[in-house]
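# Topology and contacts: notes
Spelled out, the chains give:
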Amino acid sequence: MTIRTLDALGDVAGARVFVRADLNVPLHDGVVGDDTRIAAMVPTARELLERGARLVVASHLGRPKGTVVEDLRLAPVGRVLAERLGTRVTTLDEVTPDTLPNDDVVLLENLRFDPGEEANDVTFAGALAEYADAYVDDAFGAVHRAHASVAALPELLLASGRRAVAGRLVQREVDVLGRLLHDPARPFVAILGGAKVSDKLGVIASLTERVDALVIGGAMAFTLIAAEGGKVGASLLEQDRLDDVKSALTAARERGVTVHLPSDVVAAPAIEAAAPTDVVAAEAVPEGLMGLDIGPATIAAFTDALAGAGSILWNGPMGVFELEPFAAGTRAVAHACAESGAFTVVGGGDSLAAITREGLAGAFDHLSTGGGASLEFLEGRSLPGLAILEDDA
Ligand code: ADP
Ligand code: MG
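Residues numbered from 1 in each chain as written. Chains lettered and ligands numbered in written order. Predicted model: local features only at pLDDT ≥ 70, side-chain atom pairs only at ≥ 80, totals over all residues. Heavy atoms only, no water.

### Structural notes on the overall build of the protein
The criterion, for reference: Elements are defined by DSSP. Helices are runs of H or I of four residues or more, strands are runs of E of two residues or more, and each kind is numbered from the N terminus. Atoms considered for the radius of gyration are the C-alpha atoms alone. The globule rule reads 2.2 Å times the number of residues to the power 0.38. Residue contacts are counted whenever heavy atoms from the two residues lie within 4.5 Å of one another. Where accessible areas are quoted, they stem from the Shrake-Rupley method and a 1.4 Å probe; at the residue level, only the protein chains shown are allowed to cover. When charges are counted, Lys and Arg are positive and Asp and Glu negative, with His and the chain ends excluded. Throughout, a charge is located at the NZ atom of Lys, the CZ atom of Arg, the CG atom of Asp or the CD atom of Glu.
Scanning the protein for helices and strands turns up 14 helices and 17 strands. Relative to a compact globule of 393 residues, whose C-alpha radius of gyration would be 21 Å, the protein shows 22 Å and is just as compact. Taking the principal axes of its C-alpha atoms as reference, the protein extends roughly 65 × 45 × 35 Å. If you take every contact in the protein between residues at least 6 apart in sequence, the share linking residues at least 24 apart comes to 73%. Working note: accessible area of the protein is about 15800 Å², and carbon and sulfur atoms make up 49% of it. Counting 32 positive and 56 negative side-chain charges, the protein places the centres of these two groups 3 Å from one another.

### Considering the domain arrangement of the protein
What counts is decided by this rule: Bear in mind that the domain bounds are from an automatic or database domain assignment. Summed over both partners, buried area is the accessible surface (1.4 Å probe) that two parts give up on being assembled. Salt bridges are identified by distance alone: a Lys or Arg side-chain nitrogen within 4 Å of an Asp or Glu carboxyl oxygen.
If you check the domain split of the protein, you get domain 1 (6–169) and domain 2 (184–378). Distance from the C-alpha centre of domain 1 to the C-alpha centre of domain 2: 34 Å. Each partner contributes to the roughly 620 Å² buried at the junction of domain 1 and domain 2, and carbon and sulfur atoms together form 67% of this total. If you sort the residues of domain 1 by the area they bury against domain 2, Arg37, Phe140 and His144 come out on top, with a joint share of 71%. Linking domain 1 with domain 2 are zero salt bridges, by the criterion used here.

### Some thoughts on the packing of helix 8 (residues 220–227) against helix 9 (residues 242–254)
Our working rule: Helix axes are fitted only over the stretch in contact, all axes being lines through C-alpha atoms; the angle between N-to-C directions runs from 0 to 180 degrees. Here roughly perpendicular refers to angles of 65 to 115 degrees, roughly parallel to angles under 35, roughly antiparallel to angles over 145, and oblique to all remaining angles. Just so you know the grouping, Ala, Val, Leu, Ile, Met, Phe, Trp, Tyr, Cys and Pro go in nonpolar, Asp, Glu, Lys and Arg go in charged, and all remaining residues, Gly too, go in polar.
Relative to each other, helix 8 and helix 9 sit at 80°, their axes nearing to 9 Å. In terms of orientation, helix 8 and helix 9 fall into the roughly perpendicular class. Between helix 8 and helix 9, the residues in contact are Thr223, Leu224, Ala226 and Ala227 and Leu242, Val245, Lys246 and Leu249, respectively. Taken together, the residues of the contact of helix 8 with helix 9 break down into six nonpolar, one polar and one charged.

### What about the packing of aromatic side chains?
What counts is decided by this rule: Pairs were defined over the aromatic rings of Phe, Tyr and Trp, the Trp ring being its six-membered one, requiring ring centres within 6.5 Å. Orientation was assigned from the angle between planes: stacked under 30 degrees, edge-to-face over 60, tilted for the rest. Using a 1.4 Å probe on the protein chains alone, a residue whose accessible area is under 20% of its type maximum counts as buried, one over 50% counts as exposed, and one in between counts as partly exposed. By definition here, charges over rings are those cases where NZ of Lys or CZ of Arg is within 6 Å of the ring centre and within 35 degrees of the ring normal.
Evaluation of the coordinates by the stated rule reveals one aromatic pair. Both rings, one in Phe18 and one in Tyr135, keep their centres 6.0 Å apart while their planes meet at 20°; by these two values the pair is stacked. One end of the pair, Phe18, is in strand 1 (residues 16–21); the other, Tyr135, is in strand 7 (residues 134–138), with 117 residues separating them in the sequence. What makes Phe18 buried here is its relative accessible area of 0%. Tyr135 sits in the buried class, given a relative accessible area of 0%. The ring centre of Phe343 lies 4.6 Å from the NZ or CZ of Arg179, which sits over that ring.

### Here we look at helix 13 (residues 371–378)
Of all the eight residues making up helix 13, seven are buried; the element is thus mostly covered by neighbouring parts of the structure. All of the buried residues along helix 13 are Gly371, Ala373, Ser374, Leu375, Glu376, Phe377 and Leu378. Close packing links the buried residues of helix 13 with helix 6 (168–182), strand 9 (188–192), helix 7 (197–207), strand 15 (311–315), strand 16 (343–347) and helix 14 (384–387). Where helix 13 terminates, the next one or two residues include Gly380, which has phi positive at roughly 85°.

### Some words on the environment of Leu323
Positionally, Leu323 belongs in the loop between strand 15 and helix 11 (328–339). Among the residues examined, Leu323 registers a relative accessible area of 23% and is labelled partly exposed. For the pair formed by Leu323 and Val280, sequence separation is 43 residues and the distance between their alpha carbons is 19 Å. In contact with Leu323, other than residues within four places in its own chain, are Ile271, Glu272 and Ala273.

Structure representation (C-alpha cells):
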C-alpha cells in the first residue's frame, strides 16, 4: 500500500493546513503526563511551518461523548505543543472558523466535544473544512476509526480539489507496519497481553495467519486458559468469548503456529501492592485469587520463545506492571525483546509506558503511536483514515 505523503502536498506557503494529530495524552489535574504523542507530531508540524504553512491542529482527547467536558479541554496540550514547537499556539474554545486568528499554529478544541466527530457527520466535516486549504493526517492512533476528522473531512476536501496527505508519523507507521505485514523477518513472534481483552481477542485469529508463534500473557491469557478447560479463579475473564477463542486456538495450531500460554502466574486476592502473593499453576488458580502477572517458569519459556525471533510485535503488558509485585513479567519480556536480534515493534499505550519506565525505549526498532490502529493494520484490514490517503495515481 502506498499513501500520499507531505512530498505530494505541493506549495503550501501561506496556506492553512489542517493537521489531524493524535494528541490524546494522559492528563493529571490539568497537567500533561507522558507527552510522547505530542512529540511524535512535531516533525510534521515543523516541516509544514518551514514550508510556510499556517497550521490548524485538531485532535480528540479522552471520551467526552459529544459534549463539552471541562477536564478534557485541549489547553494544557496546547501549552506543551507551544514549548515543543517554539512558536505561539492559540487554543480555540470553539470550533468556529470566524474566530480563527492569524497565528502560525492554532489548536482546535477537542473534536469529540461535538457528536458529529464520532458519527462521521458530513455537516461537522463541512465545518472543519472551513479551516482547511489542505489536509494532513498525522494521527496514526485514529486512522482505524471512521470519524469525521479522519474520514469525512479528507473525502470532502478531495472532492473539492484540495489535497489530503499523510504526515511523517503516519508515513513511518505505514512503512514499518507494512514491512511486518508483507515481508516480516522470520520467525515472526507476536506477544499479546493487557486488559482490553475483547478488543484484542479478535486480533488473535487474523494474526495467526501471519505469525510463526503467538505468546499470550496479561489478563487476556485467562480467557484462553479457560477456553482450554483451565480454572482461572477470580482472574479477568470474557465468559462470552470462550467459543471464539477456542476456535482461534484450534485454527492457530492447525496452521502450525506455536501458541505459548502461561504455565504459572503470580496470584493475589486483590489488585493491590500490599496483597499477599502466591505463584500458582495458570490453569489451577484457586477460587478468590486473581492471576496478576506471569510466573517465573512462564518468564523463562517466553524469554526462550523470543530469543530466536526475526521479528517481534508486542502489544499489551504481561501483568499489572504498575504495581511492583506484578511487574516482573512485563519487565522480563521488555528486556528479552530489547536483547533479541529481532526487528522489534511495540504498540499500546500501557506497553509503551512500561518500556519507557524500564529505560528501554531506545532499544526497540519502532514504537507505534497507535495501539488499536497498529493491530487492525496488521490484521490486513482496510482502515478508513488510510484508504482515503491511498496513492491511486
Ligand atoms: P495497552 O495499553 O498496551 O494496549 P491494555 O490497555 O490492553 O494495554 O492493558 C493494560 C492494562 O492491563 C494495564 O493497566 C495492566 O495493569 C492490565 N493488566 C495486565 N495484566 C493483567 C491481569 N492479569 N489482570 C488484570 N489486569 C491486567
Ligand atoms: Mg491501554
